[in-house]
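Letter by letter, the chains look like this.
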Amino acid sequence: MADDDIEVGEEVDVTVVLDDAGETVGTVVDDIVVASAPEGSIVDETIDVLDSEGHLLLEDEKVSIYDEDAQLVSQEETIAIALESADEAEGE
């Protein structure tokens, strides 16, 4: 039964983006989740770009599937871009 074990791990990196004056202009959050089994693994990476107020500007999600030999079998990427800020939506 040990061959049926699935291991899951997650790593989150947060990077604060500063302008030349040292003021925060945004944040980039890189979240990677990996699920591995003897048959292969699935990697789900999501990168969120937020403005200085925490509003989501862009989200890029990539899901990759690898076989037992670590060869890429399939990959799908979805990119979502905010078309307007929350403040603009409230003003309409």
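Refer to the preceding data block for the structure.
Along each chain, residue indices are assigned from 1 in the same order as the chain's sequence is written. It should be noted that, the model being predicted, local features are given only for residues of pLDDT at least 70 and side-chain atom pairs only at 80 or more, the latter also being counted only at that level, while totals for whole chains, interfaces and linings use all residues. With hydrogens and water excluded, all non-hydrogen atoms of the structure serve as input to the side-chain values.

Undergrad: Talk me through the side chain of Asp-51; I want residue IDs and the actual numbers.
TA: Under the scheme used here, helices are H or I runs from DSSP no shorter than 4 residues and strands are E runs no shorter than 2 residues, and both carry numbers assigned from the N terminus. As for its position among the elements, Asp-51 is in strand β3 (residues 40-51). As used in this structure description, the phrase polar contact means that two N or O atoms lie within 3.5 Å; if the pair is within protein, one of them must be able to donate a hydrogen and the other to accept it, and residues adjacent in sequence are counted only when both atoms belong to side chains. Here Glu-53 takes part through its backbone nitrogen, which lies 2.9 Å from a polar atom of the side chain of Asp-51. By the convention used here, residues are in contact when the closest approach between their heavy atoms is within 4.5 Å. Apart from residues no more than four positions distant in its own chain, Asp-51 is found in contact with Val-25, Gly-26 and Leu-57.

Undergrad: Pulling in residues and values, what's your account of the pairing of β3?
TA: For two strands to be treated as a pair, DSSP must find at least two bridges joining them. As paired strands, strand β2 (residues 24-37) and β3 are joined by 12 bridges and run antiparallel to one another. Within β3, the residue paired with Ala-35 across the bridge is Ile-42. Linking β2 back to β3 in an antiparallel pair, the connection comprises 2 residues. Taken together, the 11 bridges between β3 and strand β4 (residues 56-67) define a ladder with antiparallel strand orientation. Across the sheet, residue Ile-42 finds its bridge partner in β4, namely Ile-65. Taken together, β3 and the strand that follows it, β4, pair antiparallel across an intervening segment of 4 residues, in which Gly-54 is found at a positive phi of about 90°.

Undergrad: Could you give an account of the environment of Ala-70, with specific residues and numbers?
TA: Mapped onto the fold, Ala-70 is located in the loop between β4 and β5 (72-81). The buried label applies to any residue whose accessible area, calculated with a 1.4 Å probe on protein chains only, is under 20% of its type's maximum; exposed applies above 50%, and partly exposed to all values in between. Judged by its relative accessible area of 57%, Ala-70 is exposed.

Undergrad: Tell me about the side chain of Ser-41, residues and numbers included.
TA: Of note, Ser-41 is situated in strand β3. By relative accessible area, Ser-41 is classed as buried at 17%. Residues within four places of Ser-41 in sequence aside, it is in contact with Ala-35, Ser-36, Ser-64, Ile-65 and Tyr-66.

Undergrad: Talk me through a nonpolar patch on the surface; I want residue IDs and the actual numbers.
TA: Like charges are joined within 9 Å and nonpolar side chains (Val, Leu, Ile, Met, Phe, Trp, Tyr) within 5 Å, but only among residues with over 30% relative accessible area and no salt bridge; these make up the patches. Where accessible areas are quoted, they stem from the Shrake-Rupley method and a 1.4 Å probe; at the residue level, only the protein chains shown are allowed to cover. Only one rule defines a salt bridge in this text: a Lys or Arg side-chain nitrogen within 4 Å of an Asp or Glu carboxyl oxygen. On the surface, a cluster of nonpolar side chains totalling about 360 Å² of accessible area is made up of Val-12, Val-14, Val-16 and Leu-18. By secondary structure assignment, the location of Leu-18 is in strand β1 (residues 7-18).

Undergrad: Describe the environment of Asp-44, and please don't skip the residues or the numbers.
TA: Within the fold, Asp-44 resides in strand β3. As for Asp-44 and Ile-32, which are separated by 12 residues in sequence, their C-alpha atoms are 5.7 Å apart. Ignoring any residue separated from it by four or fewer positions in sequence, one finds Asp-44 in contact with Asp-31, Ile-32, Val-33, Glu-61, Lys-62 and Val-63.

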